[in-house]
Amino acid sequence: MFGEPGFMSDNHIMPTYARADVAFERGAGARLFDEQGNDYIDLLAGIGVISLGHCHPRIVAALKEQGEKLWHVSNLFRIPQAEAAAAKLCAMSFADVVFFSNSGAEAVEAAIKTARKHFAHAGQTRRNRIITFAGAFHGRTLGTLAAGGNPAHLAGFDPACPGFTQVPLEDEQAVLDALADDVAAILVEPVQGEGGIHAVSDDFLRFLRRVCDEHGLLLIFDEIQCGMGRTGRMFAHEHAGITPDIMALAKGLGGGFPVGACLATAHAAAGMTAGTHGSTFGGNPLAMAVVNVVLDEMAQPGFLEHVKAMAEQLDAALHDLATGHADIVAGLRGRGLMRGLQLREGVANTDLVAAAREERVLVCGAGQNVVRLLPPLTITGEELDEGLARLDRALRRLASQH
Ligand SMILES: *Cc1c(COP(=O)(O)O)cnc(C)c1O
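Report follows, based on the coordinates. Each chain has its residues counted from 1, running along the sequence as written. Only residues with pLDDT of at least 70 are given local features in this predicted model, and only at 80 or more are side-chain atom pairs given and counted; all residues enter the totals for whole chains, interfaces and linings. Only heavy atoms go into the side-chain values, all of them from the structure, while hydrogens and water stay out.

1. Overview of the overall build of the protein chain
Turning to step 1, where the next piece is worked out: Helix and strand content of the protein chain: 13 helices and 17 strands.
Turning to step 2, where the next piece is worked out: Its C-alpha atoms give the protein chain a radius of gyration of 21 Å, within 12% of the compact-globule value 21 Å for 402 residues.
Turning to step 3, where the next piece is worked out: Its C-alpha atoms give the protein chain principal-axis dimensions of roughly 65 × 55 × 50 Å.
Turning to step 4, where the next piece is worked out: Among the 402 residues that make up the protein chain, the fraction classed as buried is 52%.
Turning to step 5, where the next piece is worked out: Residue contacts follow a heavy-atom distance rule, with two residues in contact if any of their heavy atoms lie within 4.5 Å. Once local pairs closer than 6 in sequence are excluded, the contacts in the protein chain between residues at least 24 apart make up 72%.
Turning to step 6, where the next piece is worked out: Values of accessible area rely on a 1.4 Å probe in the Shrake-Rupley scheme; residue burial ignores everything except the protein chains shown. Looking at the protein chain as shown, the accessible area adds up to about 17700 Å², and 54% of this sits on carbon and sulfur atoms.
Turning to step 7, where the next piece is worked out: For the charge count, each Lys or Arg is scored as positive and each Asp or Glu as negative, with His and the chain ends excluded. Every charge is mapped onto a representative atom, which is NZ of Lys, CZ of Arg, CG of Asp or CD of Glu. Counting 33 positive and 47 negative side-chain charges, the protein chain places the centres of these two groups 3 Å from one another. We count a stretch as a helix when DSSP gives it H or I for four or more residues in a row; a strand needs E for two or more, and each element gets its number in order from the N terminus. All radius of gyration figures rest on C-alpha atoms, and the globule criterion is 2.2 Å times the number of residues raised to 0.38. In this scheme, a residue with accessible area under 20% of its type's maximum is buried, one over 50% is exposed, and one in between is partly exposed, where area comes from a 1.4 Å probe on protein chains only.

2. Some points on the sheet that holds strand β2 (residues 31–34)
Turning to step 1, where the next piece is worked out: In this scheme, strands are said to pair when DSSP sees at least two bridges between them. The four strands are arranged β1-β2-β3-β15 in an open sheet whose pairing can be described as mixed. In the strand order of this sheet, the two ends are held by β1 (24–28) and β15 (361–362), each with one partner.
Turning to step 2, where the next piece is worked out: As paired strands, strand β3 (residues 39–42) and β15 are joined by two bridges and run parallel to one another. Bridge pairing in β15 links Asp 42 to Leu 362.

3. Quick look at the packing of helix α11 (residues 303–324) against helix α13 (residues 381–401)
Turning to step 1, where the next piece is worked out: Here α11 crosses α13 at 20 degrees, and the two axes come no closer than 11 Å. Looking at the two axes, α11 sits roughly parallel to α13. Our pair here, α11 against α13, has a crossing hand that is right-handed. Contacts from Met 310, Gln 313, Leu 314, Ala 317, Leu 318 and Leu 321 in α11 reach Gly 381, Leu 384, Asp 385, Leu 388, Leu 391, Asp 392 and Leu 395 in α13.
Turning to step 2, where the next piece is worked out: Each residue gets one of three labels, nonpolar for Ala, Val, Leu, Ile, Met, Phe, Trp, Tyr, Cys and Pro, charged for Asp, Glu, Lys and Arg, and polar for the others, Gly among them. Among the residues forming the contact of α11 with α13, the class breakdown is nine nonpolar, two polar and two charged. Whenever a helix is involved, its axis is fitted only over the stretch in contact; in every case the axis is a line through C-alpha atoms, and angles between N-to-C directions fall within 0 to 180 degrees. Orientation is classified from the angle alone, with under 35 degrees giving roughly parallel, over 145 giving roughly antiparallel, 65 to 115 giving roughly perpendicular, and any other angle giving oblique. By the definition used in this description, the sense in which the near helix is turned from the far one sets the handedness, with an anticlockwise turn below a right angle giving left-handed and a clockwise turn giving right-handed.

Okay, structure coming up:
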């Protein structure tokens, strides 16, 4: 078991994660198999990463094909696969240009830099502060930690990167009060993930768009977890009928390959000229070969309809679970295939996550004592049913312990 004395002595991984003592060997669709051959239903998808399920045949084929041709050349040269992926992302969104990174945090860093540079480029060098929201999560780099403002994540890593002001979500007056002549942008996750699967109201998102328009600010959406079809629309902000100026993507974008992207309008990205930003690996041919397949699959007719159908099935089943286990589940959260079970005080989400693992269904915790479900978008109705039946057994197991 992890945490026991003997464990550390033969494990040389820096112990920054509280890992479960299970290792998986292979996966297919929404199923994972551990080293003993036990099958698990994956309702977590690597925290929303495995958007097309494990080892999707077309992704595997694209990776093999590109792997035999060319892996990496550096951004000193044109990369046609990246140009194709950027064109697809722009065609399906508000954006005109894309910067590719290797992770979500780097995509948010690129978004922050794009916003700051926009104003510096226009001669407004003092305008560099970004308004963010309580409960946010934007990554673990020094810049994105400061943006997220989570005291537990910041502790011990002083000095925090300046330039962020955090206000409560859904509090219009707090946003207006935070406005000053040094504010450049507003940064928000349309559905907060790590913070506890909290869907920001469409009204509040529209309010933020209005504030940015009225005050000449840039609106940045972090759709790293809620984007790429997760909520039943390609991007979560589509539900509110508005668009941002800049958006960070990652997680589901690569279907398991580490990749992120910062999308922007030409106007917002006006300052991002040659030499202003870079990444050695960002957008390399191997990553882009995978991203192109993910984007093509998501653009297939019926893809989002399937997500919506599975989301409805999940919603109905979660309501049944919440009713059947009202002693444990206090409420439901989220949107589409990004859902949370809010647990009652006195029942730790870590206990349900562990009980679920015992029943061989994978979920994970989120802030505010929430248990998070982010199944592959391609999950079948049968896999979903099986996973939820196991979750039901886990809830029963937990109830018997309380
Ligand atoms: C996961 C996540 C990040 C950070 O992504 P990494 O790839 O871990 O750097 C940032 N923002 C949101 C909303 C996320 O869910």
